[in-house]
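Okay, here's what each chain looks like letter by letter:
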Amino acid sequence: MKILLVEDDRRAGDYLAKGLTELGHSVEQAFDGESGLKAAATGTHDILILDRMLPQLDGLEVVRRLRAAGSTLPILILSALDEVDERIQGLRAGGDDYLVKPYHLAELVARLDALARRRADVGPVAKLTVFDLELDTRARKVMRAGRKIDLTTREFQLLEFLMRHTAQVVTRSMILEGVWDYHFDPKTNVIDVHISRLRQAIDKGHERQLLHTVRGAGYTLTEDP
Amino acid sequence: MAIFSIARSSIARLAFLQALALAITMVAILSGVYLATARLLATESDQLIMLEAQSLKADFHDHDPDTFISAIADRAEDPWVRGAVYELRGPRGDFLAGNVVILPDLVVQHDGWVEFEVALTHGDETAARQIRAQILDLGDGFKLLVGHDVQDRQAFRAVMLRSIGWAVGAALLFGLFAGWWLGRRIARAARAISNNAAHITEGTLSERLPLTGSGDEIDGLVSRFNELLTRIESLTSTMRTVLDSTAHDLRGHLNRIRGAAQAAQHIAGEPAMRVACDTVLLEIDRLGTTLQGLLRIALAESGTAPLEEVDLSRLVAEIVEFYQPAAESHALTISIEPQLTVRGHRQLLTQAFANLLDNAIKYAPNAPIIVQLIGTDSEAIVTVADAGPGIPAEQRQLATQRFGRLPGSSGLPGSGLGLSLVAAVARLHHAALEMSDAAPGLKITLSIPRITTQAINSKR
């Protein structure tokens, strides 16, 4: 992916650029809002990572101007400003996702993948398929190898979320936000328990396991481990 | 409502005092005027009678008795003299002249003055009149009564007393009205101040009291109060700015450390080095979580968090459902009364209940947990009880303080902010937080003021 990174904190930006480059992405860096906006306007990037607070032109303002100019570039806002209201502001301005510092590189990468994939998807798909697992969002039905699987509403939502991000790593906080709309870190391993229940339901008795744990990052639902 | 009724009663008290003071003043002034005037009138008429008596006495000595008798008779019959009475008696007590017949019955007072009532005819009318008279011993056994009708004085007294009555009544009425008006003005100002104070308690520091522009003491008080508000507001906003920028700054630093540690972990050759990097990363994440916890507590305590109508029944049901899989070994008992709404902050309430459930699951392994939500007329009461080790009564206060970790909990993960966040969220919602003994275990009760249909109606 061609990533445009706008971050005024040079050291943090360099670490991130290095990490992303090592993962095989090409990263272009800008250090203030003005030049960031200029670079983004060229339309040559796949994704924009934007710091919330920037010199010259505020991150939110950059997003607003890009959107006003009709850009559909996926934007991930990075910020040291937490709290739900801040997130809402960022997303309202036209950002696609919001990540609070300090973040895990794995979390950032997972969210980038999700954003890139969301762009590729055209509209909400009614039928999701991963290998022999099928999920019908309209009929609210799940089949594995032709056999119906009974799931609770939440389990269904969780599976749908994982299937929409298939072959990507989703982190625990992405799951919390995406499925429950919760913005806190549970002190207990409750997400893992939800995942293992779902795994019981969809993978038990099947040779090919679909739901995998990615150590230190989160989970992924994919046919090739 | 309480403030209102106190204001009411203080108006009544003020109005009553005002009226009473005014009435007493009126009575004092009018009584003084009455007494002085009455004395003046009395002295004046007594002097007139005395002067006439003296001149008649002189006449008696200067003339022979028959002339005197006819002179008295003339005076008594004179239609132009109104209210004067005469009676002349001879040495044997025989009536000689006059327009009244009362003398032998009268006992002469020591100063020579007598007062009596007699029927007097003047023109066509005859009426009982009050008379004040002097009895003179003219010598040679002759006695003369010279007096005058004092009905006017009586009338004056009656008029005066009536006037005093009216004046006092009017003073009472006017005083009551003035007191009520003044009291209402003061009470209105007091109510405005107390309402504003109530708003501020709920976190709208930007509100100001309106000035009447009269420049009086109430206005003075109001502008002092407004200055105080401005000061508090600026202090609070400075505090928030400092807190926000510090948090922002800390997050930036943490992020750089995290990046460096991650980079170091990537190039570390030795396994021990990787483990060290792992530890650094873990601690950074804990620091980040703690920072977030502190900021959430600060948000809840600042009172600036926006509140909205929240379906508490649904919120509790969802968070319990979220934790249910993790609580499988805990024999979870849930009873939730539906459709209880409160004014609240969704995220902070969720976080508070999450903390309570986290704690119950963490500190009471394999022990039953009871979650209950019931509604009373005014409150929605959430209870989370576990059958774990509980918290001794003397340590419960400590548990709600920031970083107040209890002895023996050091082995378990946690920042020591869990219950203090619950306490801060409780304060934000004007809710009562209570910890008690579940025998065995800990029972936490949060009583949040409810939005009832009645409350909604009365708000409209």
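Residues numbered from 1 in each chain as written. Chains lettered and ligands numbered in written order. Predicted model: local features only at pLDDT ≥ 70, side-chain atom pairs only at ≥ 80, totals over all residues.

> Summarise the sheet that holds strand β10 (residues 379-386) of chain B; cite the residues concerned and give the values.
Residues and elements named next belong to chain B. Taken together, 5 strands build an open sheet; the order of strands is β7-β9-β10-β12-β11 and the sheet is mixed. Edge strands, defined here as strands with exactly one partner in the open sheet, are β7 (332-336) and β11 (432-437). Shown here is a sheet whose adjacent strand axes are inclined to one another by a mean of 10°, direction ignored. (Pairing = 2+ DSSP bridges. Helix = DSSP H or I, 4+ residues; strand = E, 2+ residues; numbered from the N terminus. Axes fitted to C-alpha atoms, helices over the stretch in contact; angles between N-to-C directions.)

> Tell me what's going on with the environment of B:Ile69, and back it up with residues and numbers.
All names here are of chain B. On the secondary structure map, isoleucine 69 appears in helix α2 (residues 65-77). Here the alpha-carbon distance between isoleucine 69 and leucine 88, two residues 19 residues apart in the chain, equals 7.5 Å. Not counting residues up to four positions away in its chain, the partners in contact with isoleucine 69 are Leu88, Leu96 and Ala97. (Contact = placed C-beta atoms within 7 Å.)

> Could you give me a rundown of the interface of chain A and chain B, with the residues and numbers involved?
Taken together, the contact between chain A and chain B spans 29 residues of the former and 31 residues of the latter. When residues of the side of chain A that touches chain B are traced back to their parent elements, those giving at least two are α1 (10-22) and α8 (190-203) of chain A. Considering each element in turn, the side of chain A that touches chain B owes the most residues, 6 residues, to α1(A). Here the side of chain A that touches chain B is built from residues that sort into 14 nonpolar, 5 polar and 10 charged. (Nonpolar A, V, L, I, M, F, W, Y, C, P; charged D, E, K, R; others polar.)

> Give me the pairing of strand β8 (residues 141-144) of chain A: which residues, what numbers.
Residue and element names in this part refer to chain A. Of the two faces of β8, the one lined by Val142 and Arg144 is fully buried and the one lined by Lys141 and Met143 carries no buried residue. Of the pairings in the sheet, the one linking strand β7 (residues 133-136) to β8 comprises 4 bridges and is antiparallel in character. Of the residues in β8, the one forming a bridge with leucine 135 is valine 142. In this antiparallel pair of consecutive strands, β7 and β8, the connection spans 4 residues, and arginine 140 shows a positive phi of 50°. Across 3 bridges, the pairing between β8 and strand β9 (residues 147-149) is antiparallel. (Buried ≥ 20, exposed ≤ 12 C-beta atoms within 10 Å, placed from the backbone.)

> How would you summarise the environment of B:Glu301 if you had to cite specific residues and measurements?
All names here are of chain B. Relative to the helices and strands, glutamate 301 is located in helix α5 (residues 271-302). Sequence separation between glutamate 301 and leucine 421 is 120 residues; the distance between their C-alpha atoms is 9.3 Å. Not counting chain neighbours up to four residues away, the residues in contact with glutamate 301 comprise Ala424 and Arg427.

Without other data, these values stay purely geometric and don't point to any function.
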